[in-house]
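Per-entry structural report
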Amino acid sequence: MAKRIYEVWKGNNIFFFGGRLIFGPDARSLLVTLLLIIGPVAVFCVFVARHLRHEFSSYNAGYAIMIVAIVFTIHVLVLLLLTSARDPGIVPRNSHPPEEEFCYDNSASVEIGERQTPSLQFPRSKEVMVNGLPVRVKYCDTCMLYRPPRCSHCSICNNCVERFDHHCPWVGQCIGLRNYRFFFCFVSSAALLCIYVFAMSALYIKVLMDDYHGTVWKAMKESPPSVVLMSYCFISLWFVGGLTGFHLYLIGTNQTTYENFRYRADNRINVYDRCCLNNFLEVFCTKVKPSKNNFLAFVQEEPQRPPLPTTRDAEPVDTGEDRRMKVEDDLDIGGDLLKISQRHNIEDIEADIRSRGTDVPHHNSSERDSVFGSDRRVPIMQSDVRHSSWGRRSGSWEIGSEGTYATPKEAYQ
């Protein structure tokens, strides 16, 4: 039976509801985040908002305090779910490297027998143009693809994510192109929720002071949960509030957390910055791109593909004809001597030698007789012809007893 893509997914993601929800491998940390949000709000509704219902007589405004807290909390939880349970912008990995990018590097050769063959190389990076400026993109060995600009491989989720910002353990998901907007809204909404709970708890302390005509210490003793909530919200605001301010700066300059941390000291030109207003419009007013992965689709078997070329296969076939072509210039004398050996009379031979001028050294008569005494052709082996270089070596040529040519040095031996 055919399996669906989410069932054979090679990343470290966790899927729920038949692949409809995708989480990171640390999705359990999401339970801690839920507890940190729902717990304080529940304490607020029970020990603070409930006592403030009758403090505002006009239009039952006291009930609105609890309703606002509950609705705002639901809003934050929905944003959290949209951030952590959706595809952040995962680039589908390839099943094989892009063959059109293979090249042969002659500088890094591999010895096969007695020959040097070029080794198969793969460019680790290449340049693409972004807004008229070159940007270098790297090759991902895991996903077997060239990462798009601003894309990075998350070592936790084991996926390449477009416009990778960071991996957030509090939401259990990568923050990328498709969920960055929801992540920022979640963080900023959580900061506003902290401010709201802190303000309402402080208001309740003020009400207790007025009711008992006492000091702030007496009011705090009357409602310890209010003090705990104020302390909790104050500490939490340093984190979510500071994170909100930092991401406001990143959005205004069109950066990601990854780019800011890695390239801060390089003083690089930000090719993505399109002025503050356009940067905000790009994040909040553009349509979210559809996912490149259909996790519910069935896995389709790929057709058989020919094997990749190896160094031995990539080397051109060295046939006998090609070898003769390679040394043709060096074998002119071999061909000439072969023609000479086929002549039947000494007059034609001497005429041919005289026509060559001074480039051909003279042989004595005994040597000519030994050469031309036979009418049969003298075989010339390929291995012997390789050693000949007419016009490049000094000295005369000799005919060996086996019918092969030898250099002067070999002849005297």
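Because the structure is predicted, anything quoted here is derived from the model rather than measured.

**A closer look at the overall build of the chain**
The secondary structure content of the chain amounts to 14 helices and 13 strands. Counting all 413 residues of the chain, 36% fall into the buried class. Sequence-distant contacts, at least 24 apart, represent 62% of the contacts inside the chain between residues at least 6 apart. Counting every atom, the chain has about 25600 Å² of accessible surface; 58% of that belongs to carbon and sulfur.

**A short note on the environment of Ile 37**
In this structure, Ile 37 sits in helix α1 (residues 29–47). Along the backbone, Ile 37 and Val 76 are 39 residues apart, and their C-alpha atoms lie at a distance of 8.6 Å. Setting aside its immediate chain neighbours within four residues, Ile 37 contacts Thr 73, Val 76, Leu 77, Leu 80, Phe 186 and Leu 193.

**Quick notes on a nonpolar patch on the surface**
Together, Phe 198, Phe 234, Ile 235, Trp 238 and Phe 239 give the surface a local cluster of nonpolar side chains, amounting to about 610 Å² of exposed area. Looking at the nonpolar patch, the element that brings in the most residues is helix α5 (residues 224–253), giving 4 residues. Summarising the element assignment, Phe 239 is placed in helix α5. Given a relative accessible area of 61%, Phe 239 falls into the exposed group.

**Considerations on the confidence of the model for the chain**
The share of residues in the chain with pLDDT of 70 or more is 66%, and the mean pLDDT across the chain is 76. Confidence drops under a pLDDT of 50 for residues 358–413, and excluding neighbours within four residues, the segment shows 63 contacts in the predicted structure.

**Focus on the pairing of strand β6 (residues 133–140)**
Within a regular strand, the side chains alternate between the two sheet faces. Looking at chain direction, strand β5 (residues 125–130) and β6 are connected through 6 bridges and run antiparallel. Bridge assignment links Lys 126 to a residue of β6, and that residue is Val 137. In sequence, β5 turns back onto β6 through a hairpin of 2 residues, with Asn 131 there showing a positive phi of about 55 degrees. Where β6 meets strand β7 (residues 145–146), 2 bridges bridge the pair, whose relative direction is antiparallel.

Thresholds applied
Residues numbered from 1 in each chain as written. Predicted model: local features only at pLDDT ≥ 70, side-chain atom pairs only at ≥ 80, totals over all residues. Heavy atoms only, no water. Helix = DSSP H or I, 4+ residues; strand = E, 2+ residues; numbered from the N terminus. Buried < 20%, exposed > 50% of the residue type's maximum accessible area, 1.4 Å probe, protein only. Contact = heavy atoms within 4.5 Å. Areas by Shrake-Rupley, 256 points an atom, 1.4 Å probe, with all protein chains shown as cover. Patch = residues over 30% accessible without salt bridge, like charges linked within 9 Å, V, L, I, M, F, W, Y side chains within 5 Å. Salt bridge = Lys/Arg side-chain N within 4 Å of Asp/Glu carboxyl O. pLDDT = per-residue confidence, 0-100. Pairing = 2+ DSSP bridges.

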